[in-house]
Amino acid sequence: MQAEMAEAHQAVAFQFTITPEGMDLQLSYQALHQIYRSGLRSWKKRISRMQNRVIKGVYPASPSSWLFVVIAILATMYMRSDPSMGLIAKIQQHLPLSLHVSLSSQGQTMLSALVFSTLLWLSVILALRFCLKLLLSYHRWMFEKHGRTSTTTKVWVTLLRLLSGRKPLLYSYQTSLPHLPVPTIKDTLSRYLESVQPLLTGPGFERMTGLANQFESSLGNRLQRYLKLKALWATNYVSDWWEEYIYLRSRGPIMVNSNYYGMDFLYVTPTSVQAARAGNTITALLLYRRKVNREELKPSRVPGTVIPLCAAQCERMFNTTRTPGIETDVLQHWQDSEFVAVYHRGRFFRLWVYQAGRLLSPREIQSQVQRILDDPSPPQPGEEKLGALTAGDRVPWSEVRKRHFCAGVNRRSLDVIERAAFFVTLDEEDQGMRGDDPAGNLDRYAKSLLHGKCYDRWFDKSFSIIVYKNGKNGLNAEHSWADAPTVAHLWEYTLATDAFQLGYTEDGPLLLWDIPSEVQAQVSSSLAVAQQLADDVDCHVFPFRDFGKGRIKKLRISPDAFIQLSLQLAYYRVSEAYDRVSEAYDRVTEAYDGVSEAYDGVSEAYDGMSEAYDGVSEAYDRVSEAYDGLSEAYDGVSEAYDGMSEAYDGVSEAYDGVSEAYDGVSEAYDGVSEAYDGVSEAYDGVSEAYYRVSEAYHRVSEAYHRVSEAYHRVSEAYHRVSEAYHRDRGGFCLTYEASMTRLFREGRTETVRSCSNESCDFVKALAGGEEEEHCRQLFRRAAEKHQNLYRLAMTGDGIDRHLFCLYVVSKYLGVDSPFLKEVLSEPWRLSTSQTPLQQMELFDLKNNPEFISLGGGFGPVADDGYGVSYIIVGEDMINFHVSSKHSCSGTDSHRFGQQISRAFKDILALLSSPDGKAAMPGSPPQPHTKKAL
């Protein structure tokens, strides 16, 4: 590789040997030339930075305006007028004595005029900058109804255009941006209570109100004073604490939990050649870095206006790494880097992208990437899964880094990765919306970008680029240094430059490691933690094509408000399913209880019949025994009668006695016969009772079997309902929508609590089947409420960052607040974010509709919640990224995605019905002056 050769030559730019004849000096002129070119590039960058500092320092004026002021002052003096009102003469009097001796009187006057002109010029610059800061501190325009712009706002727009008319550099507005204001305790607590009212029951809300009032009257004001003190000397009272305590102090894995991803074009892959796509992507990113370094990028602005946004997050975009620590991580940033780090098939490479100060062409970089792809060398021991250290818990990674990566070959190789401009993974898989299962492949594409194999990304880098075998690419970004819109701006430029400017044709040295077994064991442990986290993520990506912002704006509705209310409806419908399941659960439980009672009753009857059957059986046995005894007695008497009859014939004398005996025996015989008849009758009764008991026994047995079958059916239904009961969550939830605060210097984000009283009223009315007219009114009221919440968040009057900073102050002071502790422990079960498409001029979607970006997404914030990212593409499409966790039976990303699509269609149908075409009374009219801002 050419860049490798350059490095080798630089290492031996000159050699010398000492001999008895003298010193033999050998120079490599090619190497010296390359060193000269590299040094020249470095000096050019220094000069460019100095020049930019001067231009930024005098903005909104220009350096050439100094000359204009000087000429104006000298011309006025030439006209025999003193514009300084005597100040030039006073300056002349205070010139050093040496100048009085060396300069003539005219020369002293000229020098004094130059000093006065310079001071006047600097004063004007400070005044202009102060005026610009005052103008940028005005935010009432955001709260005015569209089409009803006040005179004050019109004057403000004119003045702002005049002061920002000169072409600014990327950071020109930084010193003119206002500082983030600290809201009052009373306002913040009032908005907080309003935001949680729809989520709490009556007693719960009363309890929270009591905690808030107690906090306001006691600890709150004390914490507020400290916070205002910080706001006086800090550029931004939130950003440094937010970066440290929310991101850098987190000790869990940053993969999934913090990092986020960006996707390639949805329908188009510019080339299927992996090396070529990597060459173009790397080149486009480095061209963007050049623009950032030279400050040639236009400052980001509020869409459709001239109002600038803070660009401070661009400063650490490249050459930045998050290094692990025991208690907190540290962001390290280097001024420049001439190489990128590359991972392929278990090996790490350094890829040089500059040669002698010149950025290599895409095809030169492609050639080097191809050599990496063709390199057959196997990974060194412990090298293949080394990246898992950045995916696992932070403390083990910090300990291993201190023990095994602070010196020697490991330190040098780790330096290459950490000091690289960015990280590149050449993935061996194919990804994208392709094949027989495009929707499923799209979900797998998202998971691959979010976590990959857990060891083939370097999650600590500011961002990593992934280039797949089939030419698809994507991005994984670390979150602490910047928010998603900054990275999205970079990625838009990269995709557009790759596809529309660089084009394609048809056609790094390996890092060394010494990985001991202890480190390999920790790699395996970190990989296990990361793999468990990655396997738990449920991602679903889908483009919604039925309609987009064009159709929504025709209804005079903010697209963002429409989407957020749709998300509330979708989440509630999951809750509605939960309620239906709960009702079914109650009904089945009731039936189960009824069947159980019937079962108990039949069991008692069965036991009673069994006892009666046993009693009748015993009586039957006793009667049978008596019958047998009487039968034997009857037989005996009959024999005696026969014997007596014979004796009667033989013994006439005893006839009378025998006759008497016969009569007695006959009477006994008649008694025995009667007893026999009674016993027979009793036998028939017992037999009849026996049959009746037997029939009852069979009927009870049949009822018993039927009840048993019903019992099993109810039990199965009970388990099914229980499973559904635990699968679907219920009620509304605390909803996070990210809003920017970049109208202020070093601003980052603020939370919009999208679940409001108004949104809940609308959702319940629509779900309850109330009249359409009423639902439309509630919808517009909820949309306006959401817009107002968004405006408050953007202008520094949000809730959560203020409460967060008060909590940090309380920890510094060593005091506990039950109110703040409870507020900051509330789970965000629905976390949402819009990825704006900021550089529409780079994409001609009308002529090239296939070049549609999918945007990006992130993991769920709560274990039992959803993460939803969306990007509005053009006029007719909105892309969604939904994430949740498999381990929670109550969440399902695909089911929630289906509910989002259904909610979109239902709300559009509601607003598009004949009575809903016109704006509701009191609703804001169609905007028509936004571009004037």
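To be clear, the structure that these remarks concern was listed above.
This write-up is about the structure you can find in this document.

What counts and how
- Residues numbered from 1 in each chain as written.
- Predicted model: local features only at pLDDT ≥ 70, side-chain atom pairs only at ≥ 80, totals over all residues.
- Heavy atoms only, no water.
- Helix = DSSP H or I, 4+ residues; strand = E, 2+ residues; numbered from the N terminus.
- Buried < 20%, exposed > 50% of the residue type's maximum accessible area, 1.4 Å probe, protein only.
- Areas by Shrake-Rupley, 256 points an atom, 1.4 Å probe, with all protein chains shown as cover.
- Phe/Tyr/Trp six-rings, centres within 6.5 Å; stacked < 30°, edge-to-face > 60°.
- Lys NZ or Arg CZ within 6 Å of the ring centre and 35° of its normal.
- Salt bridge = Lys/Arg side-chain N within 4 Å of Asp/Glu carboxyl O.

### Some details on the overall build of the protein
Then, in step 1: Of regular secondary structure, the protein possesses 25 helices and 19 strands.
Then, in step 2: For the protein, with 933 residues in total, the buried portion stands at 50%.
Then, in step 3: Carbon and sulfur atoms make up 55% of the accessible area of the protein, which totals about 43,900 Å².

### Here we look at the packing of aromatic side chains
Then, in step 1: Throughout the structure, instances matching the rule amount to 40 aromatic pairs.
Then, in step 2: Consider the rings of W397 and W458, whose centres lie 6.2 Å apart with planes at 85°: the pair is edge-to-face. Highlighted residues: W397 in helix α13 (residues 394-404) and W458 in the loop between α15 (438-451) and β11 (463-467), separated in sequence by 61 residues.
Then, in step 3: W458 sits in the buried class, given a relative accessible area of 1%.
Then, in step 4: Aromatic pair F562 and F779: ring centres 6.2 Å apart, planes at 70°, arrangement edge-to-face. Separated by 217 residues along the polypeptide, F562 in helix α19 (residues 559-650) and F779 in helix α22 (residues 772-794) bring together distant segments of the chain.
Then, in step 5: Linked through ring pairs, F542, F544, F547, F562, F762, F779, Y870, F880 and F904 together constitute an aromatic cluster.
Then, in step 6: The cationic tip of K230 hangs over the ring face of W241; the distance from NZ or CZ to the ring centre is 3.5 Å.
Then, in step 7: Between the NZ or CZ atom of R801 and the centre of the ring of W242, over which it lies, the distance is 3.7 Å.

### Notes on the pattern of salt bridges
Pairs can form between side chains of opposite charge once their charged atoms are near each other.
Then, in step 1: Under the counting rule described, the total for this entry stands at 41 salt bridges.
Then, in step 2: Its salt-bridge partner being D906, residue R573 comes within 2.7 Å of it at the nearest N-O pair. Pair noted here: R573 is in helix α19 and D906 is in helix α25 (residues 893-912), with a separation of 333 residues, a long-range link.
Then, in step 3: Look at D906 and you get partly exposed, because its relative accessible area is 27%.
Then, in step 4: Members of the salt-bridge network, linked through shared partners, are R251, R322, D329, R394, D460 and E478.

These results come straight from atomic positions and should not be treated as a statement about function.
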